[in-house]
Amino acid sequence: MDYKDTLNLPKTNFPMRANLPKKEPQTLQRWETEKIYDQIIEAAQGRPKYILHDGPPYANGHIHLGTALNKILKDIIIKSKFMAGYDSNYVPGWDCHGLPIEHQVDKELGKSKAQMTEVQVRQKCRDYATKFIDIQRKEFQRLGVFGEWQDPYLTMNYGYQATIVRELGRFFDSGAVYRGKKPVYWCSSCVTALAEAEVEYADTTTPAIYVRFAAADDFSSRIPALKGEQVYVVIWTTTPWTIPANLAIAAHPREQYAAVKVGNEVYILAQRLVPINMEVFGKDQFQVLAEFSGKELEGLKCAHPLYDRTSQLILADFVTLDTGTGLVHIAPGHGQEDYEVGRSYNIDVYAPVDDRGRFTDEVGFFSGQFVFSANRAIIEKLDETGALMASEEINHSYPHCWRCKKPVIFRATHQWFISMDITGLRDSALKAIDTVGWIPKWGRDRIYGMIQHRPDWCISRQRSWGVPITAMRCADCDSVVAPGELFEKTARLFEKRGADVWFELDAQDLKTEGLRCPNCGSSSLVKETDILDVWFDSGVSWAAVLEKRPSLEYPCQMYLEGSDQHRGWFHSAMLTSVGTRGQAPYRNVLTHGFVVDGQGKKMSKSLGNVIQPSQIIDRYGADILRLWVSADDYRDDIRISPEILDRLSEAYRRIRNTCRFLLGNLEGFKPCDQCPPAEMIVLDRFALDRLNSVIDRVKKAYEDFDFHVVFHTLYNYCTVDLSSLYLDILKDRLYVEHIQGPLRRSAQTALHHILSALIRLMAPILAFTAEEVWSEFVAGPQKAASVHLLLFPENIAGVDFSNEERAFWAKMLALRQEASKILEEARSEKIIGSSLEAKLEIVGPHDFIAQIGEMEDPEGFFIVSQLELIAEETSEVDQSDQNPLQGVSVKVARAEGAKCPRCWIWSTNIGTDPEFPEVCPRCAGVLSDIG
């Protein structure tokens, strides 16, 4: 007889080889054909809502690993919340307006743009955004991300544009919006103003200069020691190009200053910096004539070193004495602090620089030169006039445009602003921050500090592609004309024709009937041509999406983006929501880190370390990418490399093979075949008790967004608890016992519970593989069309162990580990081959040995053929000894008898059955039942 034919070997159609790149698209097609997401939404009706609002990616280019990380994280949350019993409908969105798209269109149009109307250019921008929305939509879906992909929100949709106008109108109505000339970040390359969120800092090397300003007033009127002296006030600056716009010099009111005589000249400097400055100037012989507070200098004037005008000495608390001279050159048109302090002294806002960053004719010597290029010429001119004291190169952090990556300037222009203080927006936003749960907690301090210290929000941009600021100005007196009815009329027009209508119609057609200037009464109005900051566009998505769609809710439960969005989307959404609704738009904010290479370096084309999501998907499959997202704590930067992906592929293989083993050994098993817990053997109930612990830990980890805990818990469960322990022990029972025998049914009952739970617990992360396993799993007559329609598993009832029972099994696991080590030593010494050739002798305390003896199959637990248990009287226990096997010893010998050719267990009773004399009594009984 061929005994192999009598064994219950695993059978399954679930392949060992995943072949995910080929299979996943088939699963996507089935999800689409069967409208699985629609079924999920329908099944969730009436549940409590958990809405994660999508921060819109920019519709420009293919997705990269950062956007893949973001979308997969969101999808894990969405799927896990559905399975936790929530209605977590996900509406994806795209940010469609703004400079990156307009720049790309400009490149494509080239010189032909000059012959096009603004509306035609805008249509090209719309077409460009639409193209990449379609591309990115497919790329996101390929990741296995669920959502309303056929009805996303787009900031360029007519209804969305109308919402932007209405929300802007609310700010105007509140009195928070004003138009003024003040310095803003200005990108000369992009030719537009920038908001705080559009500026990033990078190290750069620039010239730093010490410049002396000759006294124009008699300083001895305040400081008698300077009578008859030739006095100079010395400043230090790292932006020589701003010297032509200098109108003042600031001193700290409470710091001490000194008048230092060198030869026939007297220099005024901060007292504590005198030795340092003298060394820089190369002056080793000097005399301090007087010391005085900075307040003594207020109101005195100096001569500008290049132009026929004076520079006023003023006081400012922001003056520091850690570098320079303790006296700060002030150009109110080129710096926020300069502007603020200049305004308090009624100093003009002077910025002789055009949109392209070139000096205007007002500056004479440097007219037409780009400001940064003019640094050298300005230094040379100062040296020529004798005003230059010293020059050096320094490396420091400097603001750059986050789009073109070029240095920006502060430049005073007429812009539109939302005030942070007129309506109390700053204070209200700071209070709202503390109503939000920030994950990680440091996110609270980050955004709090940004809002606490930020200037007014510059919301105007000098470009074409965006939503216009739908206000008007008086043609006669330049007053702002922006009543609420103008915004409402415009919003209704936008709903029908889109924002292009603002550029198509003239002011007469756009304005409401009878609209006049509130200041002078003129009816001659001009429409504003600046567009809105795109951060306002995406910032009001809570109004355009959460408030508008019945399936969502405002405030939502969560915003989730990268940590850079504390100064971006989280920031603008907070300000717009607090400014018009008085509350934060989100209850929780979760942030993730950035993707870096295997050495922790930022990815860049120049380093050659960039990996595209498509490369990973084509080689490994999207589930490996999803596993990567879950494997590390995403709150920090996440590393990726081919080596990391190979390790994750191996981890995936172990999880997959565990599922395959479970499926193979459940062949022919139906849910109705399950044993009641009371009839299961103790080892199987122990396995389900461990499963309950895994269920609790994984569900808690999903709830806490600790997805790395989910991954490691499931991986360790599959490799340690199951493959290396429980499933290894079960093989004998599963393969050898009668196919419907009670011992095998007990094991299969446990396996059915384990696989049912495992599929659901891994589904939010391994979305495709869980679906594939589910398709092969026998779940009963009411089997769901998709694993993603299911809820997370509940604990298996009736299998929980007491603390005493768990303590016994912990001791048994330690004993099995010790036995395995001794068996391996015996194998190395050629005493035995496989562990089934072994006989174990276990000596230990009477109570423990008795408990082992009460087990249904203690030999099977150790995977040996024979077991000899020897009880000893309990000796006194050493309480300080943490060894769980205190008083227990294990020995190994070769098993007695002969090897059963069917089960391979050694037995002394082979030949006792007359019908089947070649096999052991157990196998003889099974063969007899088989017939």
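Structure: see above.
Quick caveat, the model's predicted, so the values are computed rather than measured.

1. Observations regarding the pattern of salt bridges
In step 1: If you walk through the whole model with that rule in mind, you get 66 salt bridges.
In step 2: When the shortest N-O distance is used, the salt bridge between Arg 254 and Asp 317 registers 3.2 Å. With a gap of 63 residues between them, Arg 254 in the loop between strand S8 (248–251) and strand S9 (256–262) and Asp 317 in the loop between strand S13 (310–315) and strand S14 (327–330) connect regions that are remote in the sequence.
In step 3: Judged by relative accessible area, Arg 254 falls into the exposed class, the value being 59%.
In step 4: Residue classification places Asp 317 among the exposed positions, given a relative accessible area of 52%.
In step 5: If you follow the salt bridges from partner to partner, you end up with Asp 54, Lys 71, Lys 74 and Glu 561 in one network.

2. A closer look at the state of the cysteines
In step 1: Summed over the entire model, instances satisfying the criterion amount to zero disulfides.
In step 2: There is no disulfide at Cys 675, and the cysteine sulfur nearest it, in Cys 672, is 12 Å away.
In step 3: Given the relative accessible area of 14%, Cys 675 is considered buried.
In step 4: Here Cys 920 is not cross-linked by a disulfide; its sulfur's nearest cysteine counterpart is in Cys 923, at 3.7 Å.

3. Focus on the packing of helix H20 (residues 642–664) against helix H22 (residues 707–736)
In step 1: Between H20 and H22, the shortest axis-to-axis distance is 10 Å and the interhelical angle comes to 35°. For the pair H20 and H22, the crossing hand works out as left-handed. Each of Leu 648, Ala 651, Arg 654, Ile 655, Thr 658, Phe 661 and Leu 662 in H20 lies in contact with H22, whose residues at this interface are Phe 711, Tyr 715, Cys 718, Thr 719, Leu 722, Ser 723, Leu 727, Lys 731, Leu 734 and Tyr 735.
In step 2: By residue class, the composition of the contact of H20 with H22 is twelve nonpolar, three polar and two charged.

4. A closer look at the sheet that holds strand S15 (residues 388–401)
The strands making up a sheet are joined through hydrogen bonds of the backbone, oriented either antiparallel or parallel.
In step 1: Across the sheet, six strands lie side by side as S11-S9-S10-S7-S6-S15; this open sheet has mixed pairing. Edge positions in the open sheet fall to strand S11 (287–293) and S15, since each of these has one partner strand only. Across this sheet, the average inter-strand angle for adjacent strands is 25°, counted without regard to direction.
In step 2: Across 13 bridges, the pairing between strand S6 (residues 199–214) and S15 is antiparallel. Bridge pairing in S15 places Asp 203 opposite Ser 397.
In step 3: Helix-sheet contacts for helix H7 (residues 274–281) involve S6, strand S7 (230–237), S9, strand S10 (265–270) and S15, and the interaxial angle to S10 is about 130°.

5. Some thoughts on the nonpolar core
In step 1: Membership of the largest hydrophobic core comes to 168 residues, with the highest contact counts inside it found for Trp 628, Tyr 726, Trp 809, Met 812, Leu 815 and Phe 862.
In step 2: Sequence-distant contacts of Tyr 726, defined by excluding residues within four places in its chain, comprise Leu 683, Asp 684, Ala 687, Asp 721, Ala 747, Ala 750, Leu 751 and Ile 754.
In step 3: Ile 164, Ala 176, Leu 552 and Tyr 554 belong to the second largest nonpolar core, which has 74 residues in total.

6. What to know about H7
In step 1: Taken as a whole, H7 has its buried residues at Val 274, Asn 277, Met 278 and Phe 281. Projected down its long axis, H7 shows its buried positions confined to an angular sector of 100°, all on one face. In H7, the exposed positions angled more than 90 degrees off the buried face are occupied by Pro 275 and Glu 279.
In step 2: On its buried face, H7 sits against S6, S7, S9, S10 and S15.
In step 3: Positive phi appears at Gly 282, one or two residues downstream of H7, with a value of about 75°.

7. Structural notes on empty space enclosed by the protein
In step 1: If you walk through the whole model with that rule in mind, you get six cavities of 30 Å³ or more.
In step 2: Volume-wise, the largest cavity comes out at about 110 Å³.
In step 3: Around the largest cavity, the lining residues are Ile 681, Val 682, Leu 683, Ile 729, Leu 730, Asp 732, Arg 733, Met 855, Glu 856, Asp 857, Gly 860 and Phe 861.
In step 4: When residues of the lining of the largest cavity are traced back to their parent elements, those giving at least two are helix H21 (682–703), H22 and helix H27 (858–862).
In step 5: For the lining of the largest cavity, the element with the highest residue contribution is H22, accounting for four residues.
In step 6: Looking at the lining of the largest cavity, its residues break down into seven nonpolar, one polar and four charged.

8. Re the environment of Ser 174
In step 1: With respect to the secondary-structure elements, Ser 174 resides in helix H6 (residues 158–174).
In step 2: The spatial distance from the C-alpha of Ser 174 to the C-alpha of Gly 579 is 8.7 Å, given a sequence separation of 405 residues.

9. Section: the sheet that holds strand S1 (residues 52–53)
In step 1: Here we have four strands laid out as an open sheet, ordered S1-S24-S25-S17, and parallel in their pairing. Unpaired on one side and paired on the other, S1 and strand S17 (437–439) mark the two borders of the sheet.
In step 2: Across the face of the sheet, helix H3 (residues 65–83) comes into contact with S1, strand S24 (556–562) and strand S25 (586–592) while running at roughly 155° to S24.

10. A look at the pairing of strand S16 (residues 409–418)
In step 1: With eight of ten residues buried, S16 is to be regarded as a mostly interior element.
In step 2: Examined bridge by bridge, strand S4 (residues 177–187) and S16 share ten bridges and lie antiparallel to one another. Bridge pairing in S16 places Tyr 178 opposite Phe 417.
In step 3: Here S16 pairs with strand S18 (residues 457–458) via two bridges, running antiparallel.

11. Comments concerning unusual backbone geometry
In step 1: For the peptide bond that leads from Ile 439 to Pro 440, omega is -5°, which places it in the cis range.
In step 2: Turning to its location among the elements, Pro 440 is positioned in the loop between S17 and helix H11 (442–453).
In step 3: The linkage connecting Tyr 554 with the following residue, Pro 555, adopts the cis geometry, with an omega of -10°.
In step 4: Tracing the backbone shows Pro 555 in the loop between helix H16 (541–546) and S24.
In step 5: Of note in the backbone geometry, Val 191 takes a positive phi value of approximately 55° without being a glycine.
In step 6: Relative to the assigned elements, Val 191 resides in the loop between S4 and strand S5 (192–194).
In step 7: A positive phi is found at Lys 830, a non-glycine position, where the angle reads about 65°.
In step 8: Looking at where Lys 830 falls in the secondary structure, it is placed in the loop between helix H25 (803–828) and strand S28 (838–845).

12. A look at the layout of surface pockets
In step 1: Roughly 1,400 Å³ of internal volume is contained in the second largest pocket.
In step 2: Mapped onto the lining of the second largest pocket, the elements with two or more residues apiece are S4, S7, S14, helix H8 (336–344), S15, S16, H11 and S18.
In step 3: Grouping the constituent residues of the lining of the second largest pocket by class yields 23 nonpolar, 18 polar and eight charged.

13. Details of the packing of aromatic side chains
In step 1: Tallying each qualifying case throughout the model produces 42 aromatic pairs.
In step 2: Pairing Phe 372 with Tyr 398 gives two aromatic rings, centres 6.1 Å apart and planes at 80°, and the pair type is edge-to-face. Placement of Phe 372 in the loop between H8 and helix H9 (375–384) and of Tyr 398 in strand S15 is noted, with a sequence separation of 26 residues between them.
In step 3: The exposure class of Phe 372 is partly exposed, given its relative accessible area of 23%.

14. Describing the environment of Asn 70
In step 1: Among the secondary structure elements, Asn 70 is positioned in helix H3.
In step 2: Residue contacts for Asn 70: discarding those within four places in its chain leaves Leu 560, Glu 561, Gly 562 and His 592.

What counts and how
- Residues numbered from 1 in each chain as written.
- Predicted model: local features only at pLDDT ≥ 70, side-chain atom pairs only at ≥ 80, totals over all residues.
- Heavy atoms only, no water.
- Salt bridge = Lys/Arg side-chain N within 4 Å of Asp/Glu carboxyl O.
- Helix = DSSP H or I, 4+ residues; strand = E, 2+ residues; numbered from the N terminus.
- Buried < 20%, exposed > 50% of the residue type's maximum accessible area, 1.4 Å probe, protein only.
- Disulfide = S-S within 2.5 Å.
- Axes fitted to C-alpha atoms, helices over the stretch in contact; angles between N-to-C directions.
- Left-handed = near helix turned anticlockwise from the far one by under 90°.
- Contact = heavy atoms within 4.5 Å.
- Nonpolar A, V, L, I, M, F, W, Y, C, P; charged D, E, K, R; others polar.
- Pairing = 2+ DSSP bridges.
- Core = buried A, V, L, I, M, F, W, Y, C linked by side-chain atoms within 4.5 Å.
- Arc of directions from axis to C-beta.
- 1 Å grid on protein atoms, 1.4 Å probe; cavity = no way out; pocket = protein on both sides within 12 Å on 5 of 7 lines; lining within 4 Å.
- Points joined across faces, edges and corners; volume = space filled by probe spheres on them.
- Phe/Tyr/Trp six-rings, centres within 6.5 Å; stacked < 30°, edge-to-face > 60°.

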